[in-house]
Every structure is written in C-alpha cells, then in structure tokens.
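These are the residues of each chain, in order.
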Amino acid sequence: MTAEQVAALGKALARHCVGRATGALTLCQPEAIEDEMAPHPVPVALLNELKLAVEQDRAERVYVDGAAYALGYPEFQSMERLRPVMEALDEDRTVRRLLRPAARGGRLTVTIGREQHFEPLNRSSIVARHYQGPGGDTGALGIIGPTRIDYQAVIAIVDCVAEHVAQAFQRLADKDE
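Cut-offs used in this document
- Residues numbered from 1 in each chain as written.
- Predicted model: local features only at pLDDT ≥ 70, side-chain atom pairs only at ≥ 80, totals over all residues.
- Heavy atoms only, no water.
- Helix = DSSP H or I, 4+ residues; strand = E, 2+ residues; numbered from the N terminus.
- Polar contact = N/O pair within 3.5 Å; in protein donor to acceptor, adjacent residues only side chain to side chain.
- Expected span 1.5 Å × (residues − 1).
- Buried < 20%, exposed > 50% of the residue type's maximum accessible area, 1.4 Å probe, protein only.
- Arc of directions from axis to C-beta.
- Contact = heavy atoms within 4.5 Å.
- Salt bridge = Lys/Arg side-chain N within 4 Å of Asp/Glu carboxyl O.

**Student:** Provide a residue-level description of the side chain of Q116, including the pertinent values.
**Tutor:** By secondary structure assignment, the location of Q116 is in the loop between β1 (108-112) and β2 (124-132). Within the structure, Q116 has its side chain in polar contact with the backbone oxygen of L121 (distance 3.2 Å).

Have a look at this one:
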C-alpha cells in the first residue's frame, strides 16, 4: 500500500468508526469504506481482516465482578498491594491474558505468584476454568486472591460455577430450538 492509500484508509476508518461503541464497529461494512475510497483503492481482503479483528475482539468480552471482596483480605488492605490488582482487573486485555491458559487448555488451572508472569500479581493466585456452551462457544472464569487462599475451596467453587454456566448456556440453547 502506498502512503496515500494508508492516509485515505485512516481517514475513512475515522469517519466510520470514531465515537462508536466497540460492539457497533461490527456494523461497519467493508464495502461502504471501499466505496468511499474508490479514488485510493485498498484491497478488500485488508478491509475484511479489519472487520474480522473487531468481531473477534467483541467475541472475547470480559466481565469482572466481586473485585471488592479483595478488601476482605489483609494482604490487600494497603493501597500499594491493592492498586495493581484493581488495575489488572480494569484492563480487559490483561484479564483475557490471565485466563487464557484455562481457556486454551480446556481445563482448570491454578497459577500462583510469579507463575503468572505478570509482575503486578506476583503476590496473588488465580484459579480459573474453561467452560463450553452450545455451538462451540467457550469461555473461562476465575478467582483471583492472595497466595494463601483456601485452594481446595476455591477450586471447588470455580469448578462448580463453570459447570453451572455451561449448563445454563445449554438450557438457553435448548429453549431456542
């Protein structure tokens, strides 16, 4: 692509996408941008790849709940210890990365401290589990806590919740049929 094409594509994407919610970006049709860029043609495959990237990002939604429970642990009473955990939970990309081993492996995972390879959570543990819904949709859920958590109890909770989530998705799919 020439510099002129890149500039034209940037302007077209800005006109069609800036100010929209991420979920609404999937409504952008590559053809609309292609028509606008007729004087500076860009390969349709590139536009389709951009749309696919947005759709994949949308498909990997992250929901965080219960972060306030961290305040109940003495380890997280100081702002110095609590801040990195809260900041990590605020970043969808970070949460996805932390849950990825469970999601990819299709199993329950336990990572303790430095095993996470994420310095802000070196004093924390994550118990996570993959679940699968109908149609091959998958997800992962987990609990983050201090390294001294009751692993037996937390593993049982995560395992049980993941099973219930998968069953709930299946019931919803069965109703739709």
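**Student:** Quick rundown of helix α5 (residues 79-90)? Include the residues and the values.
**Tutor:** Taking 1.5 Å of rise per residue, twelve residues should cover 16 Å, and α5 covers 16 Å from first to last C-alpha, within 8% of that figure. Within α5, the full set of buried residues consists of L82, V85, A88 and L89. Down the axis of α5, the buried side of the element spans an arc of 130°, and every buried residue falls inside it. The exposed set on the far side of α5, more than 90 degrees from its buried face, consists of M79, E80 and D90. Elements that come into contact with the buried residues of α5 comprise α6 (92-105), β2 and β3 (138-146).

**Student:** Just give me the short version of the pattern of salt bridges, but keep the residues and values in it.
**Tutor:** Inspection of the entire model under this criterion finds three salt bridges. Residue D159 pairs with R129 through a salt bridge whose shortest N-O separation is 3.1 Å. A residue pair is termed long-range when its members are at least 10 positions apart, and D159 in helix α7 (residues 151-176) and R129 in strand β2 qualify at 30 residues. Residues joined by salt bridges that share partners form a network here, namely R129, D159 and E163.

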